[in-house]
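Single-letter residue listing:
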Amino acid sequence: MRSRYLGILACIVATVFAQAQQDTDSLDMQQLEEVVVSDSRFKLKRSFSGKTVISLGPEVLERYQGVPLAVLLNQLSGIEIGGSRSRQGEVLGVYSRGGRGRQVLVLLNGVRISDPSSFSQEYDLRFLSTLNIESIEVIKGASSTLYGTNAVTAVINIKSKKSATEELSGEFLSRIGTNQSSKDQNYQLGSFTHSARASGTLNKLTYAVGVTHDYADGLSSLSTATNEEDPFSRTVTQMRLGYQIEEALSLQVYGQESRLRNDYDESFGFTDAPYRFESRQQRVGLMSDFQYKSGSLQLNAAFTEYDSENISAFPSVFKGDNLIADIYNRYSFGKQIYTVLGLNYSKDRTHLANKSVFTQADPYLNVVFVSKSGFNLNAGTRLNSHSEYGNQWVYSFNPSYVYRIDKGYLKGFSSYSTSFLTPSLTQLFGEFGANPNLEPETNRTFELGMEISSQGKFRGSLLYFDRKEENAVIFNNSNFQYFNADSAIDVSGVEVEVKWMAMEGIELNTNYTFTERRGDNAIRIPRHKWNLNLGYQINTRLFTSITYSFTGDRRDTDFNTFTDLTLESFSLYGLYVSYKLIPNRLKIYLEGENLSNAHFEEVVGFSTRGRNLAFGFQLSL
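Everything quoted here is computed from the prediction, not taken from an experiment.

About the thresholds
- Residues numbered from 1 in each chain as written.
- Predicted model: local features only at pLDDT ≥ 70, side-chain atom pairs only at ≥ 80, totals over all residues.
- Heavy atoms only, no water.
- pLDDT = per-residue confidence, 0-100.
- Helix = DSSP H or I, 4+ residues; strand = E, 2+ residues; numbered from the N terminus.
- Contact = heavy atoms within 4.5 Å.
- Pairing = 2+ DSSP bridges.
- Phe/Tyr/Trp six-rings, centres within 6.5 Å; stacked < 30°, edge-to-face > 60°.
- Buried < 20%, exposed > 50% of the residue type's maximum accessible area, 1.4 Å probe, protein only.
- Polar contact = N/O pair within 3.5 Å; in protein donor to acceptor, adjacent residues only side chain to side chain.
- Core = buried A, V, L, I, M, F, W, Y, C linked by side-chain atoms within 4.5 Å.

**Let's talk about the confidence of the model for the protein chain**
Summary statistics for the protein chain give a mean pLDDT of 90 and a share of 94% for residues scoring 70 or more. Here helix H1 (residues 2-22) stands out as the element of the protein chain with the lowest mean pLDDT, 42, in contrast to strand E30 (residues 542-551), whose mean of 97 is the highest. A low-confidence stretch, residues 1-33 stays under pLDDT 50, and its non-local contacts, those more than four residues away or across chains, total 50 contacts.

Written out as structure tokens, the structure reads:
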């Protein structure tokens, strides 16, 4: 079975490269303009920005079609996605700059998405698929001034795909691959993804509808003697309608339902068990944009219901909903001053044995000043008005200076910002370990860095950050209750990023992150992490890339003995090849992960993926 499967894949690769050699169309050298960012909610040149923003635009997502969202995010500097290398379906922990998942804010179409019935309010990335995503921006560092609570260490800003400009356009994707550990290399197919999407424009009306289904089997959640397989499935259905009411006024409404089913094992004792987690999320939202001279008024709002159940030896049900609305006015005074004035409202509810609710209404202001001399300033403030904790000011101050060099620039920047994070409703009033006397967590972040860019062919940056947490909410394993930590947590580190267009069609992206967390045991946060991606656009049809990632030693806790262990470092190699059989119509691709079949441990006791291969196609009509 193994040799037959490898033989088929080898034939596919050989055919693709043979056809590529016959395609002699030369590629023009890609002259990249300065990256456009939105850390100020204005489209400003990257040289004007004083923050570290990573953009994954339509070109990148199209190029790596089929690659899971967690895998893409895990390749970014300052980001560690715990569980992204484990069995598909494992809970994903987002650790940015030495923080926890609750300190990362996830936005979908401008609206915060988080489950109020969960213990920490962090969003479960397992519900998201890249197949309906137009772009992703990751803004690292505290951004509570613009984005409110949870925006402590990073903001992951996701925008859905736009409708096609034609009357009717269809897109279909299928991906099939193995799903195996390093010890069980049987090369049987065990991972399946299928997606269909239709969209178009009819005069002033735009529409889009799509469905994605994932299924994976073949791996056990825990690494046990019997290794019974634990399947995972996910179905996401989406619909969007838009209408251009006037030239300056547009309105969009959308709906989404996500269903997830995941089998898992008994982590106390590390034994196989017939446990299951089932969850459903239903979301409706609207987006409105009114343009006027020198500015715009925008409204993003959504209502989401969450319904989850754990079927295990300790069964539990989690239900909740939230209403989020963000209205803001953007206004620019010429080409030097850009302002944002807004109001964010949120209402979170849980429907447990004790129904609970809290609300927030946050007015905020942000100003960007761009001078002709090279000095730039991004500053803002927000008043968090919380129904449980009253008022709390947060602010940010972010100066930068740009020195122009021929067709590039040298930029120095710094920032100081504060953030505010409340305990979740479950931590305050839930049924397990709740503590109504919890205080909110406060954070302050300092950054100092520089960036150099040359002719759109090279960009490099070096950044130092220092962050301090106070009143962090943690769980006491002795009395099984949440409490505020007595001591502060200090996190500092260095991030290095390089992007280099080495020659025609060849692009190198690499980054290194050093993170040191003091004040607790810093579980699952590597001190050293290095990523490398070398992509080669061989011609207009054929693209290939190789990836390398190094993850250093980490601490983790064995929750059977409540002792801390050291997880050894590991290195992984990957390969991605895509070929456009019919330009703009049909593309096929091949993925290979963990090519050296390294055996490693990501979380104590849990399975990880060994060498796996997948192939798929994307058809556009």
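**What to know about the pairing of strand E12 (residues 205-216)**
Relative to E12, strand E11 (residues 189-202) runs antiparallel, the two being bridged by 12 bridges. Looking at E12, one finds that Thr 193 is bridged to Asp 214. Sheet topology places E12 next to strand E13 (residues 232-246); 12 bridges connect them, and they run antiparallel. Counterpart to Ala 208 in the pairing with E13 is Arg 240.

**Quick word on the packing of aromatic side chains**
Scanning the entire structure with this criterion turns up 18 aromatic pairs. Ring geometry for Tyr 64 versus Phe 543: centroids 5.7 Å apart, planes at 85°, classification edge-to-face. Of this pair, Tyr 64 sits in the loop between helix H2 (58-63) and helix H3 (69-73) while Phe 543 sits in strand E30, and the two are 479 residues apart along the sequence. By the burial criterion, Tyr 64 is buried, and Phe 543 matches it. Geometrically, the ring pair formed by Tyr 123 and Phe 127 is tilted, given 6.5 Å between the ring centres and 50° between the ring planes.

**A closer look at the sheet that holds strand E7 (residues 111-112)**
Here we have five strands laid out as an open sheet, ordered E3-E8-E9-E6-E7, and mixed in their pairing. Two strands in the sheet have a free side with no partner beyond their single neighbour: strand E3 (53-56) and E7. Alignment of strand E8 (residues 133-140) against strand E9 (residues 154-160), held across seven bridges, turns out to be antiparallel. Directly across from Val 138, in E9, lies its bridge partner Ile 156.

**Focus on the side chain of Thr 304**
If you trace the backbone, Thr 304 turns up in strand E16 (residues 295-311). Within the local environment of Thr 304, its side chain forms a polar contact with the side chain of Arg 283, the two groups lying 3.0 Å apart. What Thr 304 contacts, discounting residues up to four positions off in sequence, is Gln 282, Arg 283, Gly 320, Asp 321 and Asn 322.

**Some words on the environment of Val 211**
Locating Val 211 in the fold gives a position in strand E12. Sequence spacing of Val 211 and Thr 381 is 170 residues, and the spatial spacing of their C-alpha atoms is 40 Å. Discounting residues that sit within four places of it in the chain, Val 211 has contacts with His 194, Ser 195, Ala 196, Thr 235, Val 236 and Thr 237.

**Some details on the nonpolar core**
In this structure, Leu 73, Ile 81, Leu 125, Ile 136, Val 138, Ile 156 and Ile 158 are the most contacted members of the largest nonpolar core, which totals 39 residues. Breaking this core down by element, the ones donating at least two residues are E3, H3, strand E4 (79-82), strand E6 (104-108), E8, E9, strand E14 (249-266) and strand E15 (271-292). A total of four residues in this core trace back to one element, the largest contributor, which is H3. Among residues more than four places away in sequence, those in contact with Val 138 are Thr 52, Val 53, Ile 54, Leu 73, Leu 76, Ile 79, Val 155 and Ile 156. In terms of nonpolar packing, the next biggest core, distinct from the first, is built from 16 residues, Leu 105, Leu 107, Tyr 328 and Val 340 among them.

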